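Architecture and fold: a report
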Amino acid sequence: MSKVPVRVDGRELVLSNLGKVLYPEDGFAKAEVIDYYSRVAPALLPHLRGRPLTVKRYPNGVEGPFFFEKNAPEHTPDWVRRVRLPVPGSTKNRETIDFAVVDDLPTLVYYANLAALELHVPQWRVSDDGEALPPDTLVFDLDPGAPATVVECCEVALLLRDVLRAEGLTARPKTSGNKGMQLYADWDCREEPSAYAKRLAQLLEKERPDHVVSVMAKKARPGKVFIDWSQNNPAKTTVAPYSLRARQHPTVSTPLLWEEVEGCEHPDDLVFTANDVLDRVGEHGDLFARA
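Read on for a plain summary of the structure.

Some details on the packing of helix H3 (residues 150-166) against helix H4 (residues 193-207)
At their nearest, the axes of H3 and H4 sit 11 Å apart, and the two run at 125 degrees to each other. As judged from the angle between their axes, H3 and H4 are oblique. The chirality of how H3 crosses H4 is right-handed. Counted together, Leu-159, Leu-160, Val-163 and Leu-164 of H3 and Leu-200, Leu-203 and Leu-204 of H4 form the full contact between these two elements.

Some remarks on the environment of Pro-59
The topology assignment puts Pro-59 in the loop between strand E5 (54-57) and strand E6 (67-69). Since its relative accessible area comes to 32%, Pro-59 is described here as partly exposed. Pro-59 sits ten residues away from Arg-49 along the chain, and the two C-alpha atoms are 25 Å apart. In contact with Pro-59, other than residues within four places in its own chain, are Lys-20, Leu-22, Pro-65, Phe-67 and Ala-115.

Side note on the packing of aromatic side chains
Inspection of the entire model under this criterion finds seven aromatic pairs. Each ring, one from Tyr-23 and one from Phe-28, has its centre 5.6 Å from the other, and the planes form 80 degrees; the classification is edge-to-face. Take Tyr-23 and Phe-28: they sit in the same class, and that class is buried. Taken together, a centroid distance of 5.1 Å and an interplanar angle of 70 degrees make the contact between Tyr-184 and Phe-288 edge-to-face. Linking Tyr-184 in strand E12 (residues 181-186) with Phe-288 in the segment after helix H6 (274-284), this pair joins segments that are 104 residues apart in sequence. In this structure, Tyr-184 and Phe-288 share a single accessibility class: buried. The ring of Phe-66 has Lys-56 sitting right over it, with the charged end atom 4.6 Å from the ring centre.

Definitions and cut-offs
- Residues numbered from 1 in each chain as written.
- Predicted model: local features only at pLDDT ≥ 70, side-chain atom pairs only at ≥ 80, totals over all residues.
- Heavy atoms only, no water.
- Axes fitted to C-alpha atoms, helices over the stretch in contact; angles between N-to-C directions.
- Helix = DSSP H or I, 4+ residues; strand = E, 2+ residues; numbered from the N terminus.
- Parallel < 35°, antiparallel > 145°, perpendicular 65-115°, else oblique.
- Left-handed = near helix turned anticlockwise from the far one by under 90°.
- Contact = heavy atoms within 4.5 Å.
- Buried < 20%, exposed > 50% of the residue type's maximum accessible area, 1.4 Å probe, protein only.
- Phe/Tyr/Trp six-rings, centres within 6.5 Å; stacked < 30°, edge-to-face > 60°.
- Lys NZ or Arg CZ within 6 Å of the ring centre and 35° of its normal.

Here you go:
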């Protein structure tokens with residue numbers, strides 16, 4: 001195993017197996033994953049800071065087995081911030097989990113070196129003392145049921161944007177990096193977020209029953225866009241803006257301009273890889289930055 005000691009913002013890390021190809025279709029190696037996360041960090045870190053981290057790790061690349069990891073690994077450096085939080089209903093019968101919180105570049109590089117390709121976070125943060133805070137973000141996950149695609153998701157996203165605007169909320173769109181997309185809005189805790197999101201999803205389902213579905217049953221989804229309101233459950237996480245996805249190619253959950261949503265005519269219009277996203281950040285900055 002090749003090991004390379006590096007110093008990142010004053011922290012000592014040892015990177016390993018930098019030549020291991022994690023996206024075989026593109027020859028995209030671990031070194032390129034670390035490079036991407038290092039370069040996109042100024043845009044990414046504000047969306048990770050204070051949020052307990054869940055990762056999907058692919059030690060042998062996207063064609064190999066993967067595992068979700070919530071508990072910070074035993075070998076986690078002591079300088080990585082960790083918070084112990086209760087996890088009621090844990091599938092592993094744990095009462096608490098020691099989550100990592102990615103507050104800085106060294107922690108981000110540490111996880112990239114673990115082949116943590118996907119970074120998932122909840123819609124709430126923790127305080128400086130590690131206490132869970134009320135949710136600060138509302139999210140709608142738009143999932144197309146074949147033959148619907150992200151094109152239909154864009155049509156629903158525009159409808160949802162208008163509904164949210166009427167409610168005094170400003171929506172921000174991003175791709176999922178997979179087949180769908182998400183809309184986020186800053187949240188003021190006017191009510192329980194899942195109940196609120198469900199109500200809006202049901203409203204659009206009633207107005208556009210041929211295009212929108214608000215129930216999770218797979219049989220209800222073909223040709224429609226499922227507005228998944230349940231991602232606002234405090235126990236759930238959503239892929240972070242600028243996170244890689246473990247797809248055939250190194251696609252990214254990419255913040256969008258509303259003009260791109262309005263003009264989407266083909267699913268390929270909204271597929272962005274790591275290199276594309278670095279170029280976009282260079283041109284636009286962080287499109288997901290809070291106003």
